[in-house]
Amino acid sequence: MTVWLRGDHLVRRRGPLARRPDEPLLLIEAESFARRLPYHPHKLTLVFAAMRQFRDTAREAGRTVHYRQVETFADGLAAHFDEYPDDRLVTTEPQTAGARERIEALVSGAGGTVEFVPDERFLCSPDRFDAWASEGRYRHEDFYRFMRRETGYLMDDGDPVGGEWNYDDQNRETPPEDWESADPPTFEMDETTEETARWVTETFAGGYDGPPYGGDWADPEPFRWPVTRRQAVRALDHFVTYRLADFGPYQDAMRGEAWAMSHSLLSTSLNLGLLAPDEVIERAIAAYEDGSAPLNSVEGFVRQVLGWREFLRHVYRREMPELATANQLGAAEPLPEFYWTGDTDMACLSDVVEGVRKRGYSHHIERLMLLANFGLVYGVEPAQLNRWFHAAYVDAFHWVTTPNVVEMGLYGAGVFATKPYAASANYVDKMSDYCSGCPYYKTKTTGEGACPFNALYWDFLERNEDTLRSNHRMGLMYSHVDGKSDEEWTEIRERADEIRAMAREGEL
């Protein structure tokens, strides 16, 4: 028997590798994966360097490692079973039934057999989630409270610590002008990671031929992400020591000069398996218990890891493949070119896209309330924006982006989102410092120089009225819709049409 770990399952202290300490390890590095999308070079460096580092660490610990560098996974499996024809693979359960069937077909086609074991990168098993979900419609808040009770995290004799389940009212502040965030951690690249980064650049730059851009669309800064367990633990230590205390109140804020704010930057390590969710949560809770971080910050962070991450994983598992192509609002606009180039006069979108081009990262409010919000009110087809997120972000995997983008960001399925997260320039101005330096006028809806978010916001509400007006959470918005005159609506439609024409021409 051989343990086969896929590239985003690099877990050594639990899972199949820990349970079978005497069995060999198989890792397959397939170049075809890297050509499926125009991935950010940091994403490819992250995955391939982490795999190679994991290989070396396992060998140093005495494990036999079969490392296959091939064109496709099918090639890697064929080579393995040619060398070990009587072998049986054991690997972690993939996220969906369809993915499991594809793996079984690949292994069978290579002449082998495969056994699946639970994915221990998560805390809530499929059976536990399915039992919870059988009680009714998905609701994240209910699931989060369920998980708090199940795990005992931030609980005191059956009640939430502090008397409240969440502290959202304390976690929507904007920092004062003199506030400074702690510098994000950096990690020196060793020879393996440096070699991997060079190989990625040489092998995949321009290597994607699909529209609209090849693999060289990004303009990356030096690579900065953890690729080993040791580096990931250092990243966790840095967050808890220097950034966690301010995470809560400013987690929704955006500042042009502080791309990371006080966010953890741990999503890559969690999604690759270099960190476990329980160790991350318990470190944060320990900071609250020793007085080094306030409850609102710790609870907000626990909510992201214990609640949202676990919740989306299971929504994806249960709702695929339909979720990937869901489009309940019938949005059909192509993705504007500036998502790839950053070439727009809109200060907020220009800065955030430029950050993605440099680092393959922006924090969750920039993803939801700038990038996805614009796509929503503009009318981008959900699958196209999902594809961009999947290619552009270092922490993106299909199970991550699809529910976040298609459902939460673009209200594509109506599976768990209770309303579309549409917003005008008023929100952007409230939560960021972008509007003060933008050539567009935040207070204007129509006319020359009016912020595109404003006309698109009202146009979105009008064109989707048949679907959205009956939503009880949209009542206030539609009361404002009803207050506009026919003349105002004519100007709004004309401005929205003008914005789309400008975007198509690359002149926005």
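Located above this text is the structure these notes cover.
The structure contained in this document is the topic of the report that follows. Computed from a predicted structure; not experimentally measured. (Residues numbered from 1 in each chain as written. Predicted model: local features only at pLDDT ≥ 70, side-chain atom pairs only at ≥ 80, totals over all residues. Heavy atoms only, no water.)

### Here's the deal with the state of the cysteines
- Under the criterion given, the structure shown has zero disulfides.
- Among the cysteines around Cys-438, which has no disulfide bond, Cys-451 carries the closest sulfur, lying 6.4 Å off. (Disulfide = S-S within 2.5 Å.)

### Notes on the sheet that holds strand S5 (residues 113–117)
- The parallel open sheet is built from five strands, whose spatial order is S3-S2-S1-S4-S5. This sheet does not close on itself; its edge strands, each paired only once, are strand S3 (65–70) and S5. Averaged over all neighbouring strand pairs, the angle between strand axes comes to 30°, with direction disregarded.
- Sheet topology places strand S4 (residues 88–92) next to S5; five bridges connect them, and they run parallel. Opposite Leu-89, over in S5, you have Val-114 as the bridge partner.
- The strands that helix H3 (residues 41–60) touches are strand S2 (25–30) and S3; relative to S2, the one it contacts most, it runs at about 155°. (Pairing = 2+ DSSP bridges. Helix = DSSP H or I, 4+ residues; strand = E, 2+ residues; numbered from the N terminus. Axes fitted to C-alpha atoms, helices over the stretch in contact; angles between N-to-C directions. Contact = heavy atoms within 4.5 Å.)

### A few points about helix H4 (residues 73–83)
- Listed in full, the buried residues belonging to H4 are Gly-76, Leu-77, His-80 and Phe-81. Taken end-on, H4 shows its buried residues confined to a sector of 125°, consistent with a single buried face.
- Against strand S1 (2–4), S2, S3, S4, helix H5 (97–109) and S5 lie the buried residues of H4. (Buried < 20%, exposed > 50% of the residue type's maximum accessible area, 1.4 Å probe, protein only. Arc of directions from axis to C-beta.)

### Overview of the pattern of salt bridges
- This structure, assessed with the given rule, holds 36 salt bridges.
- The shortest N-O distance in the salt bridge between Arg-463 and Asp-459 comes to 2.7 Å. Of this pair, Arg-463 and Asp-459 both sit in helix H19 (residues 452–463), separated by four residues, roughly a single helical turn.
- What you see here is one network of salt bridges that share partners, running through Glu-141, Arg-145, Glu-299 and Arg-303. (Salt bridge = Lys/Arg side-chain N within 4 Å of Asp/Glu carboxyl O.)

### Quick word on the packing of H19 against helix H21 (residues 475–482)
- The interhelical angle for the contact between H19 and H21, taken along N-to-C directions, is 100°, at an axis separation of 11 Å. Between H19 and H21, the angle falls in the class roughly perpendicular. Contact residues: H19 offers Tyr-457, Trp-458 and Leu-461, while H21 offers Met-477, Tyr-478, His-480 and Val-481.
- Classifying every residue of the contact of H19 with H21 by side-chain character gives six nonpolar, one polar and no charged. (Parallel < 35°, antiparallel > 145°, perpendicular 65-115°, else oblique. Nonpolar A, V, L, I, M, F, W, Y, C, P; charged D, E, K, R; others polar.)

### Comments concerning the nonpolar core
- Among the nonpolar cores identified, the biggest contains 153 residues, and Leu-244, Phe-374, Leu-385 and Trp-388 are the most heavily contacted of them.
- Setting aside residues no more than four positions away along its own chain, Trp-388 makes contact with Leu-335, Tyr-339, Trp-340, Val-356, Leu-371 and Tyr-393.
- Judged by nonpolar contacts, the second largest core, of twelve residues, contains Phe-81, Ile-103, Ala-110 and Val-114. (Core = buried A, V, L, I, M, F, W, Y, C linked by side-chain atoms within 4.5 Å.)

### Re the pairing of S4
- The element S4 is largely enclosed, with a buried count of four among its five residues.
- In the sheet, S1 pairs with S4 via two bridges, with the strands oriented parallel. The residue bridging Val-3 from the neighbouring strand is Val-90, located in S4.
- This β-α-β element, S4 to H5 to S5, shows right-handed connectivity. (Right-handed = clockwise from strand over helix to strand, strands pointing away.)

### As for the side chain of His-42
- Position of His-42 relative to the elements: it lies in helix H3.
- In terms of polar contacts, His-42 uses its side chain to reach the backbone carbonyl oxygen of Glu-221, at 2.8 Å.
- Residue contacts for His-42: discarding those within four places in its chain leaves Pro-220, Glu-221, Pro-222, Phe-223, Trp-225, Lys-358, Arg-359 and Val-394. (Polar contact = N/O pair within 3.5 Å; in protein donor to acceptor, adjacent residues only side chain to side chain.)

### Remarks on unusual backbone geometry
- The linkage connecting Met-320 with the following residue, Pro-321, adopts the cis geometry, with an omega of 5°.
- For Pro-321, the location among the structural elements is in the loop between helix H12 (295–319) and helix H13 (338–341).
- A positive phi angle is found at Met-261, which is not glycine, with a value near 45°.
- On the basis of relative accessibility, which here comes to 1%, the residue Met-261 falls in the buried class.
- One non-glycine residue, Tyr-411, adopts positive backbone phi at about 50°.
- Relative to the helices and strands, Tyr-411 is located in the loop between helix H17 (398–409) and helix H18 (425–431).

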